[in-house]
Amino acid sequence: MSAPSPLWYATRGAGMVLLILLTAVVILGILTTNRWGTARIPRFISGALHRNLSLLTIVFLVLHIVTAIVDSFAHLGLKDALIPFASSYRPLWMGIGVLGAELFIALVISSLIRERMGYRLWRLTHWLAYASWPLALLHGLGTGSDTRALWALLLNAACVVAVLLALGWRLALGTPGSEPVRLVSLAATALGTIALFVWMVGGPLKPGWAHAAGTPAQLLSLVSGSAAAVGLPAGLHDQLQGSLTQDSGGGLRLDLQDVPDASLRVLINVANTQATTATIEVRRNGQMICSSSVPITQDLATTCGSTHLTLQSLQQTSASAVTGLLVTSAS
């Protein structure tokens, strides 16, 4: 598989900018709902900014959708962009994104024709459409290829905190007599935030998420194939530590994790006590980088893509604990 296309990067970039813009739109919507304004920033200016940001968000939404369709990697079509849960690529998380996009478009359209809709219908549409923000957040976390990256985690966390602060401020300034509704809203917000954290830890941040999220098998193999070329860099001299297990037939399995890079694991399998070869598997974030059978010697050596790797100083430190050293170089 060749390197990712510019369209792939454009889709990712537009998605991140889209989340930032949508967060700003939601926050300004909350502020203008409370008739927020200062001497330097009158309310009509904040309202105009809200509308202009909404229109700019639509631009990036269209860019995000068009580049995703034109890019051939996930084989997305117009149907996938218009009909929720119709995609074969991560259908749940793509469907959530489609719902969020359609709700946001409804929000913008309702704002443009507000005078014709009547206040009550416009208000109801707005409240429903604000669900587009959490849906967009879940879509990005569930489908984004950058979800585990530190910068992406910080960006998503910043957006969540910003919306929570604005929502908390809104609930704190509620009208007299609305305390029960405000308390229920506050409790629901807290539970939703906790649920999001638990889901992230057990979902997108966990190895194997690409498969669990519904990525088609043929795309998983392509991703694995591209990882083989770049997933194991040369120049490593990393400490390994892990566990040793033995089955009833005398087979051994060593599961070693790279200490400096926790996303990298090395698995060593020996069929039985009489075996003269071992199988080495190298994985990153649960994805297979390479696998090969090598002679059993004091140091196990093999080639992984364009990288030569050697497992040195493998030793058992307790009944089930093993340590070693991973050394790589350009082959």
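Higher on the page you've got the structure.
Residues numbered from 1 in each chain as written. Predicted model: local features only at pLDDT ≥ 70, side-chain atom pairs only at ≥ 80, totals over all residues. Heavy atoms only, no water.

Moving on, we come to the packing of helix α7 (residues 132–143) against helix α9 (residues 179–202). How two helices pack is summed up by the angle between their axes together with the distance between the axes. Remark: α7 packs on α9, axes separated minimally by 11 Å, with the N-to-C direction vectors making an angle of 10°. Between α7 and α9, the interaxial angle falls into the category roughly parallel. α7 and α9 meet at a crossing whose hand is right-handed. Residues L137, L138, L141 and G142 of α7 lie in contact with α9, whose contacting residues are L196, W199 and M200. When its residues are assigned to classes, the contact of α7 with α9 shows six nonpolar, one polar and no charged. (Axes fitted to C-alpha atoms, helices over the stretch in contact; angles between N-to-C directions. Helix = DSSP H or I, 4+ residues; strand = E, 2+ residues; numbered from the N terminus. Parallel < 35°, antiparallel > 145°, perpendicular 65-115°, else oblique. Left-handed = near helix turned anticlockwise from the far one by under 90°. Contact = heavy atoms within 4.5 Å. Nonpolar A, V, L, I, M, F, W, Y, C, P; charged D, E, K, R; others polar.)

What follows deals with the pairing of strand β1 (residues 237–246). Sheet topology note: the β1/strand β8 (residues 321–330) ladder contains seven bridges and is antiparallel. Following the sheet pairing, S243 is matched in β8 by A321. Where β1 meets strand β2 (residues 252–258), seven bridges bridge the pair, whose relative direction is antiparallel. Looking at β2, one finds that T245 is bridged to R253. The hairpin formed by β1 and β2 contains five residues between the paired strands, and G250 there has a positive phi angle of roughly 90°. (Pairing = 2+ DSSP bridges.)

Helix length check: helix α4 (residues 91–112) (22 residues) gives 32 Å between terminal C-alpha atoms against 32 Å at 1.5 Å per residue, within 8%. Within the span of α4, buried status applies to W93, M94, G95, I96, G97, V98, G100, A101, F104, L107, V108 and S110. (Expected span 1.5 Å × (residues − 1). Buried < 20%, exposed > 50% of the residue type's maximum accessible area, 1.4 Å probe, protein only.)

Where helix α8 (residues 150–172) meets α9, the axes come as close as 10 Å, and the angle between the chain directions of the two elements is 170°. It follows that α8 is roughly antiparallel to α9 by the angle criterion. Between α8 and α9, the residues in contact are L153, V160, L164, L167, L171 and A172 and R182, S185, L186, T189, T193, L196 and M200, respectively. Of the residues that constitute the contact of α8 with α9, the class distribution is nine nonpolar, three polar and one charged.

The values are spatial; any link to function lies outside them.
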